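Letter by letter, the chains look like this.
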Amino acid sequence: MKKILSIFILLMLFQIEWAQGQVMIKINSVEQTDRTFEKNDELFLENRATRHEVIFILDTIDQKLKTDKYLIETYYSVWDGDTTIEEKIVPKYTKWKNEISPTKSKRLLLQLKTDSDILQKDISFLHTSHHYFNIYIDVIQNKDTIHCRKTKPFTYLFPWRISEPEGTILNPKLDHQLYKILPKTFLGRKKLKPLRFKQ
């Protein structure tokens, strides 16, 4: 009985140690549209959103970032300001495997932690009225999380923003790296493709 208990404790310690050292990258793209409409002399707000999410987890053995699926989620709601009239969330997981080599994994993590202080910190986010599109990246490592966000326009001249510590990542290579590792049908992936100019 003592032997079984010892093995159980060792397994628990291994799991705790693994969880503390786990590295995870969550990439979310969200497109949202809202509009108001009248029905029977009442005003309603309709909200439609689509979210795609890929989660890469670092394999501690071969040091590769890996994933085997991604989420496609749609959301719809109608409310009158006080009450939700209708609300629907439809999640769907798609099988999709991808591995990022140790060298590329280290490079990507480095880009996500590098503040290229080229633009001013107070640049505001741009968006068109009633239509929003954002890409979010969460880097979770040793219980710490770095939040990055990018919105329109999706060019290398517009920065990725870091929540804490406050900063700006401005590096065209980050967009290109994400473009290469995301599924072809991932929402907003094409917007990350770098422009190639003729010389």
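These numbers were taken from a predicted model, which means no experiment stands behind them. (Residues numbered from 1 in each chain as written. Predicted model: local features only at pLDDT ≥ 70, side-chain atom pairs only at ≥ 80, totals over all residues. Heavy atoms only, no water.)

1. A few points about the overall build of the protein
A count of helical and extended segments in the protein gives three helices and eight strands. In the protein, the succession of helices and strands from N to C terminus is α-β-β-β-β-α-β-β-β-β-α. The 199 residues of the protein split such that 34% are buried. In the protein, the share of contacts with a sequence separation of at least 24, taken over all contacts with a separation of at least 6, comes to 59%. When the accessible surface of the protein is summed, it comes to about 13,500 Å², and 57% of that surface belongs to carbon and sulfur atoms. (Helix = DSSP H or I, 4+ residues; strand = E, 2+ residues; numbered from the N terminus. Buried < 20%, exposed > 50% of the residue type's maximum accessible area, 1.4 Å probe, protein only. Contact = heavy atoms within 4.5 Å. Areas by Shrake-Rupley, 256 points an atom, 1.4 Å probe, with all protein chains shown as cover.)

2. Here we look at the layout of surface pockets
In this structure, the second largest pocket encloses a volume near 170 Å³. Considering the residues around the second largest pocket, the lining is formed by Asn98, Glu99, Ile100, Lys104, Arg107, Leu108, His176, Gln177, Lys180 and Ile181. Those elements that place two or more of their residues in the lining of the second largest pocket are strand S4 (84-100), helix H2 (102-113) and helix H3 (172-181). It is H3 that contributes the most residues to the lining of the second largest pocket, four residues altogether. Of the residues contributing to the lining of the second largest pocket, the split by class is three nonpolar, three polar and four charged. (1 Å grid on protein atoms, 1.4 Å probe; cavity = no way out; pocket = protein on both sides within 12 Å on 5 of 7 lines; lining within 4 Å. Points joined across faces, edges and corners; volume = space filled by probe spheres on them. Nonpolar A, V, L, I, M, F, W, Y, C, P; charged D, E, K, R; others polar.)

3. Notes on the pairing of strand S2 (residues 42-58)
Direction of pairing for strand S1 (residues 23-39) relative to S2: antiparallel, over a ladder of 16 bridges. What sits directly across from isoleucine 25, in S2, is phenylalanine 56. Two successive antiparallel strands, S1 and S2, enclose a turn made up of two residues, where asparagine 40 displays a positive phi of approximately 55 degrees. Taken together, the twelve bridges between S2 and strand S3 (residues 65-79) define a ladder with antiparallel strand orientation. Its bridge partner lying in S3, valine 54 is registered against tyrosine 70. Here S2 folds back onto S3 in antiparallel fashion, the turn holding six residues, of which glutamine 63 has a positive phi close to 60 degrees. (Pairing = 2+ DSSP bridges.)

4. Thoughts on the pattern of salt bridges
Pairing between side chains becomes possible if they bear opposite charge and their charged atoms approach one another. The final tally for this structure, using the stated rule, is nine salt bridges. Taking the shortest distance from any N to any O, the salt bridge between arginine 51 and glutamate 73 comes out at 3.1 Å. Placement of arginine 51 in strand S2 and of glutamate 73 in strand S3 is noted, with a sequence separation of 22 residues between them. Of the charged contacts in the structure, one is a salt bridge between aspartate 175 and lysine 150, with a shortest N-O distance of 2.6 Å. Taken as a pair, aspartate 175 in helix H3 and lysine 150 in strand S6 (residues 144-151) lie far apart in primary sequence, 25 residues in all. The pair formed by aspartate 175 and lysine 150 is uniform in burial state, with each residue classed as buried. (Salt bridge = Lys/Arg side-chain N within 4 Å of Asp/Glu carboxyl O.)

5. A look at the packing of aromatic side chains
Inspection of every chain in the model, using the stated rule, returns three aromatic pairs. Taken together, the ring pairs connect Tyr70, Trp96 and Phe186 into an aromatic cluster. In this structure, lysine 69 is placed above the aromatic ring of tyrosine 93, and the distance from its NZ or CZ to the ring centre is 4.8 Å. Over the ring of tyrosine 179 we find arginine 189, and its NZ or CZ is 4.0 Å from the ring centre. (Phe/Tyr/Trp six-rings, centres within 6.5 Å; stacked < 30°, edge-to-face > 60°. Lys NZ or Arg CZ within 6 Å of the ring centre and 35° of its normal.)

6. Things to note about a positive patch on the surface
A cluster of basic residues, Lys104, Arg107, Lys173 and Lys180, forms a positive patch on the protein surface. Among the secondary structure elements, those contributing two or more residues to the positive patch are H2 and H3. Among the structural elements, lysine 104 can be located in helix H2. (Patch = residues over 30% accessible without salt bridge, like charges linked within 9 Å, V, L, I, M, F, W, Y side chains within 5 Å. Lys, Arg positive; Asp, Glu negative; His and termini not counted. Charge placed at Lys NZ, Arg CZ, Asp CG, Glu CD.)

The quantities given are spatial measurements derived from coordinates; they are silent on function.
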